[in-house]
Each structure stands twice: as structure tokens, then as C-alpha cells.
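Residues per chain are reported as follows:
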Amino acid sequence: MFDSPSIIVGLDIGTAKVCAVVGEVNEAGGLSIIGLGQAKSRGVRKGEIINATLAGEDIRHAIVEAEQMADVEIQSVYLGVTGAHLHGFNNRGFHPVVSSDREITEEDVQDVLKNAKAINLPAENRVVHVIRQHFLVDGQDGISNPVGMFGARVEVDVHVVHGNFNRLQNPIRAVKSMQLEVDDIVFSGLASSLALLTNEQKELGALVIDIGSGTTEYVVYADGIIKHTGVLAVGGDHVSNDLAYGLKVPLGRAEQLKIEQGAALIEESVKGKTITLTGDLGLPEKTINLEHLRRIMSLRLEEIFQLIAQELDQAGLLNYLREGVFLCGGGARINGMQTLAQQVFGLPASLSKTNSISGLKSALDQPEFATGIGLVKFGSFEHKKRSEGRSSLFQVKTSLSQLFRRD
Amino acid sequence: MPPATEVSTLAATKRLTVKVFGVGGAGGTMLEQMAKSDLGELSFSAIHTNARVLAGSAIPEKFLLGDKQLRGLGTGGDPEMGRMAAEEEIAGLTALCRETDLVFIAAGLGGGTGTGVSPVLARVAKESGALVLAIVTLPFEFEGPRRQRQAQAGLQQLKAAADGVICLPNRKVAKLLAESTSLIETFKVTNDLLAQGVRGIWQMLTRPGLMKVDFADLASVLRGRHTESSFAMAEARGEGRAAELMEKLLGSPLLDDGQALSDADAILVSIVGGPDLTMGDVNRVMQQINTRAQTSHLVMGAAIDEAYHDRLAVTVVASRRGQPEEPMGPEPAAGEKEEAAFEAAGPEIDTQFFQAPPVPRPPSRFVAPPPSLAPEKARQLFAQQGHAKGRARKSVQRWRQGQLPLEIVSKGRFEKSEPTIHHGEDLDVPTYIRRGVVLN
């Protein structure tokens, strides 16, 4: 499929920017990033394409830039998908072990995974990911690999991410119209979490929040497995829109104010302060109250965190997050976001570094690129599986990805 | 069923007299259903223009309208005929409403009698001093555009005449039911729901309460508001009933998946439980409602009924103020004190704003508001300024100020995209507006 089989490309079509990341897997299996291309996104709203022509152009720009930087020809990409239509939930499948000696075989594991995938979804929805959590043998919990164990009944917990088929097809179609292949589609939040978290952090329990322009994705890991995923179609665009509305300034100016003056908290020092906006000629045009600006922003950002906290609270997961909250995406750049997250979740929060990857480190260590890098990382896992031979999970994955490769 | 003892305790103080009118064919059917159920001790009265239908009704008190003009043959689906017939018989209707505190009018809008007579009856009942609550259905879409139009017109008239209108569009009911449900069953469910509404309100008023909702509370929520109300009931039992209850309630299509709560100006909540009702249950339910409806005037009651052992039921009446062009009711009720205060402050801000020292204004059309003014108010003032340039902007304007609904919030760049609805809240609307945070 690849010209050089070791090149892996992640493409993240975001609401603010389209970003293509090129990674290379060396012989030792290590992954390094060798190129990056990005373009301002014009055809995407709330994480989904609303203007395919513009989105196509932007994708082309990003890909061309990445090709130049990495000096490779890109033929296929791992595509990040997001949008309010994506949902995650946990499901359990079970399978009776029928062999006479009650030993659990590879086939039993295949069958139980198949059963777990048989989910009652709305007709127009398709599964994006089926992620194994752990197995149960005769009710005994927390088994990571039951092959070779004895038991009468094997069960598996999986986390399923699914979304609307047509809306998933839109970005795939946009990429294919650029004469590029799609290796697989990956939920953006999942990709970000792969880029940010180390294995220990996943083990201890962590929440990754990717605050993009159009959407906010979140993923919860505990005990090394994915417990919960979700998308909130609220992001940085909403902050700008709120400011434009509340301060009565044009959207472009609101965007600029958000970046220059914005913060997630209302400090004592800004109370009563005003900013004078100047027009094209440098003449004062309008005075706005800095405290109002901060309040509008702070309420919106706080709400995003609160909605996530509520959902995790309902799922009973807040107590498992021993490593705390990891923020990424453009929204994580806003001053005071960590403090705000700490306040809302009552957990340590940090602006996350895309560690666990080598390459153009300083250029890449930006919260916006987490998804792109994560996509490459996801691709490298697939690559490893492919080179290791057809493992069981791989077969599950291919069948899934084939589902989306079809036109 | 409220036991006899409660009624007698009521009688000991002052007996609340409640009368339920069923107007027209659908109204009559609803009435029969209510009479059959546990609402037996209310007084019922069936009103119709068709003598044959009326004769077939099981309600003892019957009143035939338009005996002369229509000869007891009905209106033929013309609300105008119904209205005329009712106007002819004003005296008779007044006699029916005499000495009642609370009048329910049950009717199906869309036809001739229900649509035409109900507004007249509501007016008459209100004039004789009762609080009037109309509980009506709107026709299904398949009943045709004419009936829809008639129903809408009737609803407007009814809203103007009655203190409160609880309106149940049949298409919402259709959502509750499976496709295969028979037509008879569908109508029965509608009638049941309305009967439940009447029962819920009646029980709210008569049950001995831990936290009592009385007639005055109901009046304060409804009176003078010319409201459009939604109501919903939910019931749950066993462990985790509070959570289950709220899920049912917020999922109810009658509340537009909880949206009605967020939009409401006033909410009446009545919780009924057995003797095992805990503070925790009440708290959980109220907390959920409170987060949905942070800016509204909330009246709550909790009551105990022996029959509700291990069960929890809640009745919610959420009312939204009517159209902005309608003038305010003559007597501002308890819930509108804030409104009145705002009104009083209105002119002051007005003059302050419009007679501000003539600062040299920038050439742009947009004039920056002084920072001390809340954007909400500023927006309203601007709206007026744009509207009433040079024209008489005195009293009319002041009315407008109090009445401008906050709902017309432009969603800016998300105007045309799919709204992000989360638990009934539209997240595209700025958070500070939804939470009612005033910037000043």
C-alpha cells in the first residue's frame, strides 16, 4: 500500500486548521516525525465538513506542505474524525466455552469479541472503534488475555465508538477526492490521548480533554484501558462567538481579543479595567470592559469542563483519575485553563506535552498538534501489527477499516 | 384519590370550589373520563351545541348552547357559529360559573364548539371571579390545515381570555405512542394526559402537604400572565426512583425534552410520595429542575399520600409568558415584583441614556454603550432607539422594555449549523445569557 512501507501520515481536518503529520518508523520500530503541514481550515464547522470544495483545497495545502517538508510522496493517511454525532459506550459480550476440557482457545476469544460487537445501533450508524477493555472468565474480573485459561463462560468488556455513517463518509470522501487513500479512520480524541499519555499515566487513570475550535473531545483511561469517550460540539469558536455577541464586536475582532486579552479566570487585577479598540486609522473606536470579556470567556470554558465533569461523575469515573487532567488542542493555550480545570475537576491539571515520540520535537510540542501526532502513533501501532503478522486484533481492525474503505 | 377527610379539613377553613367544563365533543369525552376516574368529587359540566351528543353524555350537568340558531345540530366545524351561540347564552354561562374559585376548561381545539365557545366561557368565568385554566388539545396534522388554523386562532383567543392555557398538541402525544396504536387508543391517551393534568393540579391543591402549594401559589404562577403552559407528570418507584423520575420527566415530549423548563418564566412543581418520602428524593428532584430553570419563578410543593408507598410522582406546570405585544396583566402578581422593579428603573435608565452629555461620537453607526450598562439592557435600548427614531417614544417604549423576551439571542456564526442541544439546553447560546449573568 505504501511506496515506502515505513511512512505513516496522520491527517486531522479540524475546524480551525487542517494538519498533516508525517511519521517514519525506523527498523528498530521507533517512530519519529519528519514532516508537518498545516493550512487554515475554511470548510469545517463544529468538526464536520460543511463546504467540501474549500475543505478539499485546505487538505491539499496541508498535504503539499507536509510532503515538501518530509520530502516524501503521501499516498495514504490515517484520518481523524470527530463531531457531535460520535458516541462512545461500553458493551459486554459473552460466549460459552464448548470444548470438552474447558480450555479457552483463540477461537473462543474471537467469538466473544464478535458477540461484543453485535450491538443494537441505529440503522444509520456505524462502528468506528471497538476497543477491548478486559475479559471475564466465569465472572472473574480483570483478565487481560484468557487464552489457555479454564472456564465455562468467557466475557469481554469493550468500548464502542460509533457515529453516523454518512457524516463519517464526508471527510473520507474529501480525502479521496484528493487522490489519497484512507488507511483507517480514528476518533480524534482517541488519537490525542495516544499522543499525550504514557503507559503509566493510562494505568493510573487520566482524563484527556482536547479543546478544539469546533468540538471538545474527551477520553478517560483507568487501569490502562479506555473507560469513556465523548464529544461536545462546543469549542473555541463558541468562545469567540460569545465575545462577539456580548461585547458587540465583529467576529474577527472577537477572535483577536480572545487570543490577546483572553483568559479562563477573572483575576482581581482586571476588575474595572477597560481596553480601547482602535480602528483602521488608529483612532479609538470603542471601549470594552476587560472584566466582561473575562467573565464571558470564563463562564463558557467553565461550562465545558462542568459538562464533562457531570458526565464522568454520572459514569462514576472521577475517582479513578489519579494522574489528573491533561489538556490539549488550541483551547488549552488560553491562560489559566489549567487552574480552571483544577477547580472544576478537583484534580491536578496540566497542559500536556506530546512526549513518547521523537523527531521535530520543539516544533511539534504544541497542544494543537496532539491529534495529528496521535494519528501517526495509531498508524504505527497498526504498522507494527501488520509487520508482526496477522494477530487476532488486527483481523478485527481490518474488517472495521474495510468497512470504511468501501465507497 | 384524596380521602374524604382532606376535603372536610378544607371545608373547615374555606372550601375551594372547582368546576370542570368539557366543551365540545373532545371536551365532553375528556370530562367523562375524568368523572369516571378518581376525580369524582369535582363538579362537572358538559357544554355542547349538539343536542344528540349531549344527550349521550354521562355527565349529569349539561348545557346546550345555540338552541335557537343551531337547533341543537352543532356548528358544522365553524368556530364563529360556536362563538355566536355562546355570546347568546352569556347569562346561562355566568350562572354556571357562579361561586367557583377555579375553573378548568377542557376542550379540543380545531372544531366549531371547542374553538368558538371556550374563549367566551373563559372570559365569562374570569369575569365572575374564578381563576381560569384551560386545558386543550391541538388537532393532529392529518386533520388538515383548516382545523390547524382554527385551532391556532382559538388558542390565541383563549390565551387572551384565560389565566393559563395548558396546551397539548396531539402530535406530541403521537410521539409517545407506537405507530401501530389504534386511533381510539391515541385519543384515549390524549384525554388521559389531560385528565392527569387536571388531577395533578387538583391534588396539588388538596393533598396535605409537607410543603403546601395552595391556591394563591397557583394563582401567582398563572394569573395575569396570559401564559402558555406545558405540563408533564412522571412517576417512578423503588430504588433510585428520584433519578428515574427525572429521566422520565426530562425525556417527556410534553416538555420538549426539558427545553420547556429552560424557557419557562414560572414553574410549579408538585412532588407526591408515600410516608417514606425522603428529603434526599425531594432535593434530588428539585436540584435537577433548578439547574434547568435558573431564572424562573419556582413554586414547589411536596405532599404525602399513603397510597404512594415506595412511589414518587411529580407534576410540573411550566409557563412561559405570552407574546410580547400583549400588554401586561392589570394586577402584577407576586412573581412579577422583579419585573415591576425593573419597570420602575426603566425610565430612569432611559433618560440617563438618551440625555447623556453630547460626547463627540465616532462616525460609525455603532455606538458603544457605557461600560456600566449591562449588554442586555443596552441591547434593548438600542432596539428602541432604532425603532422609534423621532416618533413618540414615551409610554409604548416603556412597555416594550419589560416585555422584550430574552430568547431572541442571535447565535452568530452558529445560526445555520445544527444546534448543540445538551440536556435541553442550546449550548450555542452564550453561557452568560443562559445563566442570566448580568454584566455590569
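Residues numbered from 1 in each chain as written. Chains lettered and ligands numbered in written order. Predicted model: local features only at pLDDT ≥ 70, side-chain atom pairs only at ≥ 80, totals over all residues.

What follows concerns the overall build of chain B. On a plain count of helices and strands, chain B comes out with 18 helices and 13 strands. For chain B, the share of sequence-separated contacts (at least 6 apart) that also reach a separation of at least 24 residues comes to 77%. (Helix = DSSP H or I, 4+ residues; strand = E, 2+ residues; numbered from the N terminus. Contact = placed C-beta atoms within 7 Å.)

For the rest of this paragraph, the subject is the overall build of chain A. In terms of regular secondary structure, chain A is built from twelve helices and 19 strands. Taking all 407 residues of chain A together, the buried fraction comes to 48%. The contacts in chain A between residues at least 6 apart in sequence include a share of 69% that link residues at least 24 apart. (Buried ≥ 20, exposed ≤ 12 C-beta atoms within 10 Å, placed from the backbone.)

Residues and elements named next belong to chain A. Phi is positive for Gln-179, close to 60°, though the residue is something other than glycine. As for its placement among the helices and strands, Gln-179 is situated in the loop between helix H3 (165-176) and strand S11 (181-187). Exposure remark for Gln-179: the 9 C-beta atoms within 10 Å place this residue in the exposed category.

Accessible area lost upon the coming together of the parts serves often as the stated size of an interface. Taken together, the contact pairs 19 residues of chain B with 25 residues of chain A. For the side of chain B that touches chain A, a count of residues per class yields ten nonpolar, seven polar and two charged. (Nonpolar A, V, L, I, M, F, W, Y, C, P; charged D, E, K, R; others polar.)

Quick look at helix H4 (residues 188-196) of chain A now. Counting buried residues in H4 of chain A gives nine out of nine residues, a clear majority hidden from the surface. Among all positions in H4 of chain A, only Ser-188, Gly-189, Leu-190, Ala-191, Ser-192, Ser-193, Leu-194, Ala-195 and Leu-196 of chain A are buried.

Let us now look at the confidence of the model for chain B. On average, residues of chain B carry a pLDDT of 71, and 72% of them reach 70 or more. Segment residues 323-370 of chain B is flagged for pLDDT under 50; beyond a separation of four residues in sequence, or across chains, it makes 39 contacts in the model. (pLDDT = per-residue confidence, 0-100.)

Our focus in this paragraph is the sheet that holds strand S12 (residues 206-211) of chain A. Residue and element names in this part refer to chain A. Ordered by their spatial adjacency, five strands build an open sheet running S14-S13-S12-S17-S18, and the pairing between neighbours is mixed. Sheet topology places strand S14 (225-232) and strand S18 (349-351) at the edges, where each strand pairs with a single neighbour. Averaged over all pairs of adjacent strands, the angle between their axes in this sheet comes to 20°, without regard to strand direction. Bridge analysis of S12 against strand S13 (residues 216-222) gives six bridges, and the strand direction is antiparallel. (Pairing = 2+ DSSP bridges. Axes fitted to C-alpha atoms, helices over the stretch in contact; angles between N-to-C directions.)

Turning our eyes to something else, we now look at the sheet that holds strand S7 (residues 87-96) of chain A. All names here are of chain A. With respect to topology, four strands assemble into an open sheet ordered S7-S10-S8-S9, the strand pairing being antiparallel. Each edge of the open sheet carries a strand with a single partner, namely S7 and strand S9 (140-143). Direction aside, neighbouring strands of the sheet carry axes that sit 40° apart on average. Packed onto the sheet, H3 meets strand S8 (125-137) and strand S10 (153-164) and runs at close to 65° relative to S10.

Attention now goes to the pairing of strand S5 (residues 131-138) of chain B. All names here are of chain B. Counting buried positions along S5 gives eight out of eight residues, so the element sits mostly inside the fold. A two-sided burial pattern is seen for S5, the buried positions comprising Leu-131, Leu-133, Ile-135 and Thr-137 on one face and Val-132, Ala-134, Val-136 and Leu-138 on the other. Sheet topology note: the strand S4 (residues 102-108)/S5 ladder contains seven bridges and is parallel. Counted as the bridge partner of Val-103 is Val-132 from S5. Each parallel crossover has a hand, and the one from S4 via helix H7 (residues 113-127) to S5 is right-handed. With six bridges connecting them, S5 and strand S6 (residues 164-169) associate as parallel partners. Counted as the bridge partner of Val-136 is Cys-167 from S6. In this fold, the crossover linking S5 to S6 by way of helix H8 (residues 145-161) has right-handed handedness. (Right-handed = clockwise from strand over helix to strand, strands pointing away.)

Turning to the nonpolar core, a few remarks are in order. Counting 103 residues, the largest nonpolar core has Val-9, Val-21, Val-208 and Leu-327 of chain A as the members making the most contacts within it. Top element by residues in this core is helix H8 (residues 290-314) of chain A. It accounts for eleven residues. Grouped together as the second largest cluster of nonpolar side chains are 97 residues, Leu-121, Leu-249, Leu-250 and Ala-313 of chain B included. (Core = buried A, V, L, I, M, F, W, Y, C linked by C-beta atoms within 7 Å.)

Residues three or four positions apart in an α-helix share a direction because the helix packs 3.6 residues into each turn. Residue and element names in this part refer to chain A. Those residues of helix H7 (residues 251-261) lying buried are Ala-254, Glu-255, Leu-257 and Lys-258. Projected down its long axis, H7 carries its buried residues within an arc of 165°, all on one side. Away from the buried face of H7 by more than 90 degrees, exposed residues Gly-252 and Glu-260 are located. If you follow the buried residues of H7, they end up packed against helix H6 (236-247) and H8. (Arc of directions from axis to C-beta.)

Our focus in this paragraph is the packing of helix H5 (residues 79-88) of chain B against H7 of chain B. Residue and element names in this part refer to chain B. Contact pair H5 / H7: the axes reach a minimum separation of 7 Å and the direction vectors enclose 35°. For H5 against H7, the interelement crossing comes out right-handed. Contact residues: Pro-79, Glu-80, Met-81, Gly-82, Arg-83, Ala-86 and Glu-87 in H5; Thr-113, Thr-115, Gly-116, Val-117, Val-120 and Leu-121 in H7. Looking at the contact of H5 with H7, its residues break down into six nonpolar, four polar and three charged. (Left-handed = near helix turned anticlockwise from the far one by under 90°.)

A few words now on the packing of helix H12 (residues 241-251) of chain B against helix H14 (residues 279-292) of chain B. Residue and element names in this part refer to chain B. At a closest axis distance of 9 Å, the pairing of H12 and H14 adopts a crossing angle of 30°. The orientation of H12 relative to H14 falls into the category roughly parallel. Considering how the two elements wind past one another, H12 and H14 form a crossing that is right-handed. Counted together, Arg-241, Ala-242, Ala-243, Leu-245 and Met-246 of H12 and Asp-281, Arg-284, Val-285 and Gln-288 of H14 form the full contact between these two elements. Across the contact of H12 with H14, the residue classes break down as five nonpolar, one polar and three charged. (Parallel < 35°, antiparallel > 145°, perpendicular 65-115°, else oblique.)

Let us now look at the environment of Leu-268 of chain B. Residue and element names in this part refer to chain B. Relative to the helices and strands, Leu-268 is located in strand S9 (residues 266-273). Sequence spacing of Leu-268 and His-297 is 29 residues, and the spatial spacing of their C-alpha atoms is 8.5 Å. The residues touching Leu-268, leaving out its near neighbours within four places in the chain, are Val-213, Leu-218, Val-221, Val-299 and Val-317.

Residue and element names in this part refer to chain A. Looking at where Asp-183 falls in the secondary structure, it is placed in strand S11. On the basis of neighbour counts, which here come to 25 C-beta atoms within 10 Å, the residue Asp-183 falls in the buried class. Spatially, the C-alpha atoms of Asp-183 and Ile-8 are 9.6 Å apart, while their sequence positions differ by 175 residues.

All names here are of chain A. Across the six residues that make up S12, a large majority, six, are buried. Every second residue of S12 is oriented toward a common face, with Ala-206, Val-208 and Asp-210 on one face and Leu-207, Ile-209 and Ile-211 on the other, all of them buried. Connecting S12 to the next strand, S13, in antiparallel fashion are four residues. Inspection of the sheet shows S12 paired to strand S17 (residues 324-328) by five bridges, in the parallel sense.

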